[in-house]
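Residue-level structural notes
If you want the building blocks of each chain, they are given just below.
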Amino acid sequence: MVRKDPRDIAFDVLERVQHGAFADLALDGALEKLPDMDPRDRALATELVYGVLRYQGRLDFVLQQVCQKPLAKVEAAILILLRLGCYQLLLLERIPHHAAVFETVEMARRLKLHRATGFINGMLRSVVRQAGMLPWPDRQAQPLAYLECVLGLPRWLAACWLDSYGVEEACALAEAMLQPAPCCVRANTLKITRDDLLKALAEDSCEVRPTCFAPEGVRILHGNIRHLPGHREGLFQLQDEASMLISHLLDPRPGQRILDACAAPGGKTTHIAALTGNRATIVALDLHARRIELLMRGARRLGCLGIEGRSWDLTRPAPFLEPESFDRVLVDAPCSGLGVLRRNPEIRWRRTASDIRELAGQQAVILENTASLLRPGGRLIYSLCTFTPEETEGVVRTFLAKHPDFVRCDLRATTPAEWHELFDDAGSLRTMPHRHDGMDAFYATAFEKRA
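Keep in mind that this is a model prediction, so the values were computed, not measured. (Residues numbered from 1 in each chain as written. Predicted model: local features only at pLDDT ≥ 70, side-chain atom pairs only at ≥ 80, totals over all residues. Heavy atoms only, no water.)

Comments concerning the pairing of strand S12 (residues 443-449)
The two faces of a sheet get side chains in turn, since along a regular strand they alternate between them. Keep this limit in mind: Residue burial is assigned from relative accessible area. The probe radius is 1.4 Å, only protein chains are included, and a residue is buried under 20% of its type maximum, exposed over 50%, and partly exposed in between. Working definition: helices are DSSP H or I runs of at least four residues, strands are E runs of at least two. Numbering for both runs from the N terminus. By the convention used here, strands pair only if DSSP detects at least 2 bridges between them.
Among the 7 residues that make up S12, 6 are buried, leaving the element largely enclosed by the rest of the structure. Pairing of strand S9 (residues 374-384) with S12 involves 6 bridges; the strand directions are antiparallel. Its bridge partner lying in S12, Arg379 is registered against Glu448. Here strand S10 (residues 406-409) pairs with S12 via 4 bridges, running antiparallel. Along S12, the bridge assignment pairs Arg408 with Phe447. Direction of pairing for strand S11 (residues 429-430) relative to S12: antiparallel, over a ladder of 2 bridges. When the sheet's bridge partners are listed, Arg430 is paired in S12 with Tyr443.

Points about the pattern of salt bridges
What counts, and what does not: Salt-bridge detection follows one rule: a side-chain nitrogen of Lys or Arg within 4 Å of a carboxyl oxygen of Asp or Glu.
Tallying each qualifying case throughout the model produces 26 salt bridges. Arg155 is the partner of Glu148 in a salt bridge, and the nearest nitrogen-oxygen pair spans 2.8 Å. Since its relative accessible area comes to 44%, Arg155 is described here as partly exposed. Of the charged contacts, one joins Asp424 and Arg430 as a salt bridge, the two residues approaching to 2.8 Å between their closest N and O atoms. Each of the salt bridges in this network shares a partner with another, and the network as a whole consists of Asp240, Arg342, Arg343 and Asp440.

Topic: the packing of aromatic side chains
Counted only if it meets this: Two rings from Phe, Tyr or Trp (for Trp, the six-membered ring) form a pair when their centres are within 6.5 Å of each other. A pair whose planes differ by under 30 degrees is stacked, one over 60 is edge-to-face, and the rest are tilted. Distance and angle both matter: a charge sits over a ring if NZ of Lys or CZ of Arg is within 6 Å of the ring centre and within 35 degrees of the ring normal.
Enumeration over the complete set of coordinates arrives at 7 aromatic pairs. For the pair Phe61 and Trp136, a centre-to-centre distance of 5.1 Å together with 35° between the ring planes defines the contact as tilted. Taken together, the positions of Phe61 in helix H4 (residues 56-66) and Trp136 in the loop between helix H7 (117-130) and helix H8 (143-149) put the pair 75 residues apart, joining distant regions of the chain. Here Trp136 falls in the partly exposed class, since its relative accessible area comes to 34%. Taking 4.8 Å as the distance between ring centres and 50° as the angle between the ring planes, the aromatic pair formed by Phe399 and Phe447 counts as tilted. A residue pair is termed long-range when its members are at least 10 positions apart, and Phe399 in helix H16 (residues 390-402) and Phe447 in strand S12 qualify at 48 residues. Just as Phe399 is buried, Phe447 falls in that class too. Directly above the ring of Phe119 sits Lys69, whose terminal nitrogen or CZ lies 5.6 Å from the centroid.

Details of the nonpolar core
How we decide: For our purposes a nonpolar core is just a set of buried Ala, Val, Leu, Ile, Met, Phe, Trp, Tyr and Cys residues, chained together by side-chain atoms within 4.5 Å.
In this structure, Ile9, Val49, Leu84, Ile120, Leu147 and Trp161 are the most contacted members of the largest nonpolar core, which totals 78 residues. The next biggest cluster of nonpolar side chains, apart from the first, holds 64 residues, and it includes Leu302, Leu330, Leu380 and Phe447.

Quick word on empty space enclosed by the protein
A probe matching the size of a water molecule, rolled over the atoms, marks out where space remains unfilled. Our working rule: Cavities and pockets were defined on a 1 Å grid built over protein atoms only: a cavity is a set of grid points that admits a 1.4 Å probe from which the probe cannot escape, a pocket is an open set flanked by protein on both sides within 12 Å along at least five of seven lines, and lining residues are those with an atom within 4 Å of any such point. Grid points are joined across faces, edges and corners, and a volume is the space filled by probe spheres set on the points. Basically, the charged four are Asp, Glu, Lys and Arg, the nonpolar ten are Ala, Val, Leu, Ile, Met, Phe, Trp, Tyr, Cys and Pro, and anything else, Gly included, counts as polar.
Applying the stated rule across the entire model yields 1 cavity of 30 Å³ or more. Reported here for the largest cavity is a volume of approximately 30 Å³. Along the walls of the largest cavity sit Phe387, Arg430, Thr431, Met432, Ala441, Phe442 and Tyr443, which together make up its complete lining. For the lining of the largest cavity, the residue count by class is 5 nonpolar, 1 polar and 1 charged.

Section: the domain arrangement of the protein chain
The criterion, for reference: The split of the chain into domains comes from an automatic or database domain assignment.
Under the domain assignment used here, the protein chain contains domain 1 (6-134), domain 2 (136-176), domain 3 (183-238) and domain 4 (241-449). Distance between the C-alpha centres of domain 2 and domain 3: 36 Å.

Quick word on helix H10 (residues 194-203)
This is how it is decided: Throughout, the arc means that of the directions going from the helix axis to the C-beta atoms.
Every buried residue of H10 is listed here: Leu197, Leu198 and Leu201. Looking straight down H10, one finds its buried side chains confined to an arc of 100°; they lie on one side. Across H10 from its buried face, at more than 90 degrees, point the exposed residues Asp195, Lys199 and Glu203.

A short note on unusual backbone geometry
The omega torsion of the bond from Ala264 to Pro265 falls at 10°, within 30 degrees of zero and hence cis. Checked against the element boundaries, Pro265 lands in the loop between strand S5 (257-260) and helix H12 (267-275). In the Ramachandran plot, Asp251 falls in the positive-phi region, its phi being about 55° despite a non-glycine side chain. Inspection of the secondary structure puts Asp251 in the loop between helix H11 (241-250) and S5.

Examining the pairing of S9
For S9, the buried fraction is high: 8 of the 11 residues fall into the buried class. Of the strand pairs in this sheet, strand S8 (residues 326-332) and S9 are connected by 6 bridges, and their pairing is parallel. Its bridge partner lying in S9, Val329 is registered against Leu380.

In structure tokens form, the structure reads like this:
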């Protein structure tokens, strides 16, 4: 029997995430089984899943203060219940404390965890009593502990951000990453203008506004995101504003042959098709065949033509692609994903410092295997939804050291003046949610191959 209680749904999703699932996919799958679920219950389930994952560091700090044994020794299912209860107590003011405690204990009973009900009840009641007396770390005197225990970063990541940005900037970034990500869509200019899409959404009782930088972007401020008018007709693509900027930086033109090297799920691929008016030849590669199928299905919905999808692992050379056969190459490489922690909060608990080094090596290999495919005079864009030094400037330095036939470009020279605040001193794109109207954190730099 499918569970309908939002707390039960949240528990199931969090348990799946603990075993490797992605929170967004697991939650969407659970909610799709309940199409008639009350929107308020659907919203609570979503709030609990994302809230617990975002604030896990803070929740664990609080729980450890009232627990007589290390949390690492608490049974996994019981710890999930405690986090769910603690989140409601600390961060959901609309839920009375007695209701949060009662519902968590009742959920333990439904899960056949009767032996733990006394422990859970006692822990959560202790949180209620002691919440106002907890020894929170001081932001200035203990910035590392503050980032870890208050702003919910794993210690290694907190140390990296402190080293890179200093206390105030690291805290501002961490605070931004605790907030829900904005919902943006890209008007599919093959079928509709942004102005007409804004009008259509507003007429359907959505509160919307244009994005600040991307010329096709629409920010959905309020409305039924699951049932926006025009989706089936292909009038728009769900896509963050920062992601929309990448295809513009590629500067694709009609008649060109373009490689999207790591293409799925296809937002940038279909954007390239739209920017060229369906008059470019686009080869879209991705490691997983299933993701290519989804990309091609999305392209058909949007009316995008000229896209050839193929499954290939570009950590190996692609023998079916001719050297110097592309005018443009986009390498939107697999990365640590730290720039989209708001959307995928489980990443902060899965990534490690060693992962960053491994991913940087993989990114360097992918760049190496695509460099020979670019024609002289062509442009290569290297982009990521992260901002670690190893994956950004570290990979760029490695690439340029091996390829004197490539020159790095200052993207400010070919972009609108109002975009220039988005670029660093080297002319590379660096969007940050706390600086740039809530956009995801993206990095992109451009190379041109000497003629």
